[in-house]
Protein chains: 2
Amino acid sequence: MEEHEGLFRSYLDSRSLKMTRPRKIILEAVFAIHEHFDVDILYDRIRKKHRDVSRATIYRTLPLLVESGLIKQSLRCQAKDHYEHIFGHKQHLHFICNRCGRIFEVDSSGIEQDLRKLASGTGFRIEEINIEANGLCSDCGK
Amino acid sequence: MEEHEGLFRSYLDSRSLKMTRPRKIILEAVFAIHEHFDVDILYDRIRKKHRDVSRATIYRTLPLLVESGLIKQSLRCQAKDHYEHIFGHKQHLHFICNRCGRIFEVDSSGIEQDLRKLASGTGFRIEEINIEANGLCSDCGK
DNA sequence: ATTAATATTGAGACTCATTATCAAAATACC
DNA sequence: GGTATTTTGATAATGAGTCTCAATATTAAT
């Protein structure tokens, strides 16, 4: 059993929820994607292999994966919520090119540390950080 | 004529768009609000004084204000897009309390400077920055 | 295994923010 | 003032995300 599966399973247990077949399929599909994804992307990939996972169940399962700390909701793009892995991935921020639409991931550990320092000064307890910058990537900016 | 009105007017001119009565009303209302706002908040405030500005026109005008550099689209809250001023406001980031929903603005000039340094190293040309952290505010975190 | 108690599912109806449409009204330029 | 072009308000349409509910799956206990 892969590690993310074990983590998800213990999250489910702790809430007396069940590891069902659709949830397992969704979990595997999520961790087979190594970039950002939205529900449609995930749905299409799952449907190539399985006929029996509905959009509704995907919409229901993603918050569980977020709650369990395995993924997080990150940017919003084309009016859709996007998700990304936390488990097994470094902290990073996003540079989003306004022209070609590509999303670049950049290490953000230094900046996040500053941010946490800033927060602790105000008494705010950070649970999640999102940093993004829009602009022109090096290709489009020429 | 207030400065933001002049700026908006020259943006409209540059695109051969017209400064109409509804657009002027919306502009004034936007700059009479000194926090984040969404379309509903704006619509309610405008409607207290004017019967003749429709939601449709607000939805049409906000992108013009964004494009002209006076405001920007910031966070998304309760499934609604939110906007905030750029003109006349300092750079700041948002701490969003997951419990009470309050949004705290914190000066972000130091962090943004680091971010720009990081970007210039990668050749990315930043046009806009959004930094936010979710968690518990000092009241809710006790 | 069977059962019973509970959780979960798929399908589709529903919500609601946002966008598109279009005829009527306003605007700017001559 | 007339005319070409923009803009507007009202309303219909869109579409991501949520909710409902009867049918099904899961778990733990027998």
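Quick caveat: nothing in here was measured; it's all calculated off a predicted structure.

Attention now moves to the packing of helix 2 (residues 21-32) of chain B against helix 3 (residues 39-49) of chain B. All names here are of chain B. Contact geometry for helix 2 and helix 3: axes closest at 10 Å, N-to-C directions at 115 degrees. One element, helix 2, and the other, helix 3, form an angle in the roughly perpendicular class. Here the hand of the crossing between helix 2 and helix 3 comes out right-handed. The segment helix 2 lies against helix 3, with Ile25, Ile26, Ala29, Val30 and Ala32 engaging Leu42, Arg45 and Ile46.

Turning next to the sheet that holds strand 4 (residues 103-107) of chain A. Spatial ordering of the open sheet is given by 4(A)-3(A)-5(A)-5(B)-3(B)-4(B), a layout of 6 strands whose pairing is mixed. Two strands in the sheet have a free side with no partner beyond their single neighbour: strand 4 of chain A together with strand 4 (103-107) of chain B. The mean angle between the axes of side-by-side strands here comes to 25 degrees, regardless of whether they run parallel or antiparallel. Pairing of strand 3 (residues 92-97) of chain A with strand 5 (residues 125-136) of chain A involves 4 bridges; the strand directions are parallel. Counterpart to Ile96(A) in the pairing with strand 5 of chain A is Asn134(A). Against the sheet, helix 5 (residues 109-122) of chain B touches strand 3, strand 4 and strand 5 of chain A together with strand 3 (92-97), strand 4 and strand 5 (125-136) of chain B, its axis set at about 130 degrees to strand 5 of chain B.

Turning to the interface of chain B and chain A, a few remarks are in order. Facing 32 residues of chain B, the contacting portion of chain A comprises 32 residues. At the boundary of chain B and chain A, one finds 0 salt bridges. Residues belonging to the side of chain B that touches chain A are distributed by class as follows: 17 nonpolar, 8 polar and 7 charged. In this sheet, strand 5 of chain B lies alongside strand 5 of chain A in antiparallel orientation, the contact comprising 11 bridges. Residue Asn134(A) lies in a different strand from strand 5 of chain B, and its bridge partner there is Glu128(B).

With that settled, the discussion passes to the protein's contact with DNA strand D. Around DNA strand D sit 19 residues in total, of which Thr20(B), Arg23(B), Asp52(B), Thr57(B) and Arg60(B) are the nearest. Backbone atoms, meaning sugar and phosphate, make up 73% of the atoms of DNA strand D lying within 4 Å of the protein. The contact in question runs from a phosphate oxygen of DNA strand D to an N or O atom on the backbone of Asp81(A), over 2.8 Å. Within the side chain of Arg60(B), one N or O atom sits 2.7 Å away from a base nitrogen of DNA strand D. Elements with a minimum of two residues in the surface near DNA strand D: helix 4 (55-67) and strand 2 (80-85) of chain A together with helix 2 and helix 4 (55-67) of chain B. Within the surface near DNA strand D, the residues separate by chemical class into 7 nonpolar, 3 polar and 9 charged.

Here Gln78(A), not a glycine, exhibits a phi torsion of approximately 50 degrees, which is positive. If you trace the backbone, Gln78(A) turns up in the loop between strand 1 (71-77) and strand 2. Phi at Ser16(B) takes a positive value of approximately 45 degrees, unusual for a residue other than glycine. Among the secondary structure elements, Ser16(B) is positioned in the loop between helix 1 (3-14) and helix 2. Looking at Ser16(B), the relative accessible area reads 65%, which means it is exposed.

Quick look at the state of the cysteines now. A complete count under the given rule lists 0 disulfides over all chains for this structure. Of all cysteine sulfurs, the one in Cys100(B) lies closest to Cys77(B), which takes part in no disulfide; the gap is 11 Å.

Not every one of the 17 residues close to DNA strand C is listed here, only the nearest: Thr20(A), Arg23(A), Asp52(A), Thr57(A) and Arg60(A). In DNA strand C, the atoms that sit within 4 Å of the protein are 74% sugar and phosphate, with bases accounting for the remainder. Within the contact set of DNA strand C, a phosphate oxygen lies 3.4 Å away from a backbone nitrogen or oxygen of Val53(A). Asp81(B) places a main-chain nitrogen or oxygen 2.8 Å from a phosphate oxygen of DNA strand C.

Let us look at the domain arrangement of chain A. Residues and elements named next belong to chain A. Taken domain by domain, chain A holds domain 1 (3-85) and domain 2 (92-135). Of note, the centres of domain 1 and domain 2, computed from C-alpha atoms alone, are 23 Å apart. Facing the 6 residues of domain 1 at the interface are 9 residues of domain 2. Across the interface of domain 1 and domain 2, roughly 630 Å² is buried in total on both sides, 53% from carbon and sulfur atoms. In terms of surface lost to domain 2, no three residues of domain 1 exceed His36, Lys72 and Leu75, which account for 63% of the buried area on that side. At the surface where domain 1 touches domain 2, the tally comes to 0 salt bridges. Counting residues per element, the side of domain 1 that touches domain 2 draws most heavily on strand 1, which supplies 4 residues. Of the residues contributing to the side of domain 1 that touches domain 2, the split by class is 1 nonpolar, 3 polar and 2 charged.

Criteria and thresholds
- Residues numbered from 1 in each chain as written.
- Chains lettered and ligands numbered in written order.
- Predicted model: local features only at pLDDT ≥ 70, side-chain atom pairs only at ≥ 80, totals over all residues.
- Heavy atoms only, no water.
- Axes fitted to C-alpha atoms, helices over the stretch in contact; angles between N-to-C directions.
- Helix = DSSP H or I, 4+ residues; strand = E, 2+ residues; numbered from the N terminus.
- Parallel < 35°, antiparallel > 145°, perpendicular 65-115°, else oblique.
- Left-handed = near helix turned anticlockwise from the far one by under 90°.
- Contact = heavy atoms within 4.5 Å.
- Pairing = 2+ DSSP bridges.
- Salt bridge = Lys/Arg side-chain N within 4 Å of Asp/Glu carboxyl O.
- Nonpolar A, V, L, I, M, F, W, Y, C, P; charged D, E, K, R; others polar.
- Near = heavy atom within 4 Å.
- Polar contact = N/O pair within 3.5 Å; in protein donor to acceptor, adjacent residues only side chain to side chain.
- Buried < 20%, exposed > 50% of the residue type's maximum accessible area, 1.4 Å probe, protein only.
- Disulfide = S-S within 2.5 Å.
- Domains from an automatic or database assignment.
- Buried area = accessible area lost by both parts, 1.4 Å probe.

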